[in-house]
Amino acid sequence: MSPKALFFVLAILLVALSRAEAQMTALQPPPLVPANQGVGLASNQEVGGLVELPRCDGNAIDFTLYRAEAAEQFSCDPIRLDFCSFYASAELLFMSREADDFGLSYDLGPSGTATVDLTHGFQPGVRTTLGFRTGTAGHFQISYMGINQWAADNVTANVPLGGGPSLLSSVDEYTANLNDLQFNLVAMDPLADWDWLVGLRLIDQRDEASSVLTLDDGFGNPNSVVSERAFADASNTLLGAQIGTRYGHWFGPMGISGAVKTGLFYNETGQNGSLFAGNIAIDGIDEPTSDVNGSETSVMGDFIAQFSYRVTGNTTYRLGYQGLIFSNIVQATDRDGSAADASTLAYHGLFTGLEWRR
């Protein structure tokens, strides 16, 4: 199933769950609980000494109880997670991948060099999250994000090389993928709007580049047309720990929130393919190859800014921006056979989706 199809199936399931919950809630009007005369909340409605404070499942709560002690009774908040027993979300992402070098350069002899730009734009992906409450002020969270695949290609024809052979054609292709799995424990301050997070994160980043060159050696014989190939694969498997925090605020049915994470990762790197550092020599001879593995220490930064709108008592629509950056990542488009030629790699873009809570 494609990422788009998976996203829409999950979104439809979330909407169906929320509608069913809303119909069940409508059959049971929320009860009223006694109000404590010593405590008052301006947003509550007091009728005959009773305060009606419905939560997302349609039941009322005694708001005078201390938040942590009343966690089993309190409402699911669209921003906060401390009183939700379960939540699930499905989001569609549009992310760009940016790094120091997404180009290939050819050595054209007396004609100089030619550069092929393999920069790629935004690619759709999906993110799904499940959460389960583990106590009065915390929950366990599993999240997966996958983007497959960024792609770029280039076709060049009839490039004179000066005095001898000529480049009849060049077909260049580039692809990249990202898979991100998180396991987090989230704790909430019961008297504030801050969430705190600690967790493990496993990330797999891969890219591939290939070129097929067709040349005429300039001698005009039946075997004058020859082919030359160059290719490279690079992989980064990162495993590490992360910490983070999130702040959110609610304004009626609308809310805003911001989250920041940082982490330290062991990065197992791999590079396989043709050897080229900078320029690929066009001479009708395939570049020599190598298979090199190594390791790096990578630092990650992750930022999310989000707008939320509560559609029903259980369902929230979300729209936001995410930026993700890593240090010491190896890539396919520039390699010389050493253990690594690591650089900074960044992702950023928009996301939209639905969340259902219970």
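Residues numbered from 1 in each chain as written. Predicted model: local features only at pLDDT ≥ 70, side-chain atom pairs only at ≥ 80, totals over all residues. Heavy atoms only, no water.

Participant: Could you clarify how one ought to interpret the overall build of the protein in this entry?
Facilitator: A count of helical and extended segments in the protein gives 1 helix and 16 strands. Every one of the 358 residues in the protein was classed for burial, and the buried ones make up 44%. Counting only contacts in the protein whose residues sit at least 6 apart along the sequence, the fraction spanning at least 24 positions is 70%. Carbon together with sulfur atoms contributes 60% to the accessible area of the protein, which is approximately 16,900 Å² in total. (Helix = DSSP H or I, 4+ residues; strand = E, 2+ residues; numbered from the N terminus. Buried < 20%, exposed > 50% of the residue type's maximum accessible area, 1.4 Å probe, protein only. Contact = heavy atoms within 4.5 Å. Areas by Shrake-Rupley, 256 points an atom, 1.4 Å probe, with all protein chains shown as cover.)

Participant: Just to check I follow, could you spell out the pattern of salt bridges for this structure?
Facilitator: Across all of its chains, the model carries 8 salt bridges by this definition. For Arg-201, the salt bridge identified is with Asp-180, shortest N-O distance 2.6 Å. Highlighted residues: Arg-201 in strand E10 (residues 194-216) and Asp-180 in strand E9 (residues 166-188), separated in sequence by 21 residues. Asp-180 shares its class with Arg-201; the two are buried. Each of the salt bridges in this network shares a partner with another, and the network as a whole consists of Glu-91, Arg-127, Arg-318, Glu-355 and Arg-357. (Salt bridge = Lys/Arg side-chain N within 4 Å of Asp/Glu carboxyl O.)

Participant: So what exactly am I meant to see when it comes to the pairing of strand E11 (residues 225-251) here?
Facilitator: Regular strands have side chains that alternate between both faces of the sheet. As paired strands, E10 and E11 are joined by 23 bridges and run antiparallel to one another. Paired with Val-212 across the bridge in E11 is Arg-229. From the end of E11 to the start of strand E12 (residues 254-274), which pair antiparallel, there are 2 residues, and Gly-252 there has a positive phi angle of about 65 degrees. (Pairing = 2+ DSSP bridges.)

Participant: Hey, could you run me through a nonpolar patch on the surface in this one?
Facilitator: Taken together, the side chains of Phe-251, Met-254, Ile-256, Phe-307, Tyr-309, Val-311, Tyr-317 and Leu-319 make up a nonpolar region of the molecular surface, amounting to roughly 710 Å² of accessible area. Secondary-structure elements contributing two or more residues to the nonpolar patch are E12, strand E14 (289-310) and strand E15 (315-329). Structurally, Met-254 is set in strand E12. Judged by relative accessible area, Met-254 falls into the partly exposed class, the value being 39%. (Patch = residues over 30% accessible without salt bridge, like charges linked within 9 Å, V, L, I, M, F, W, Y side chains within 5 Å.)

Participant: What's the story with the confidence of the model for the protein in this structure? I'm lost.
Facilitator: In low-pLDDT regions, the fine details of the predicted coordinates are not to be read closely. In the predicted model, the protein carries a mean pLDDT of 74, and the fraction of residues at 70 or more is 61%. When mean pLDDT is compared element by element in the protein, E15 scores highest at 95, while strand E3 (residues 50-52) scores lowest at 35. Within the model, pLDDT remains below 50 along residues 20-75, and this stretch shows 79 contacts once partners closer than five positions in the same chain are excluded. (pLDDT = per-residue confidence, 0-100.)

Participant: What is the right way to look at the pairing of E15 in this model?
Facilitator: Sheet topology places E14 next to E15; 11 bridges connect them, and they run antiparallel. Pairing of Ala-305 across the sheet is with Tyr-321, part of E15. Linking E14 back to E15 in an antiparallel pair, the connection comprises 4 residues. The pairing of E15 with strand E16 (residues 343-357) spans 13 bridges and is antiparallel.

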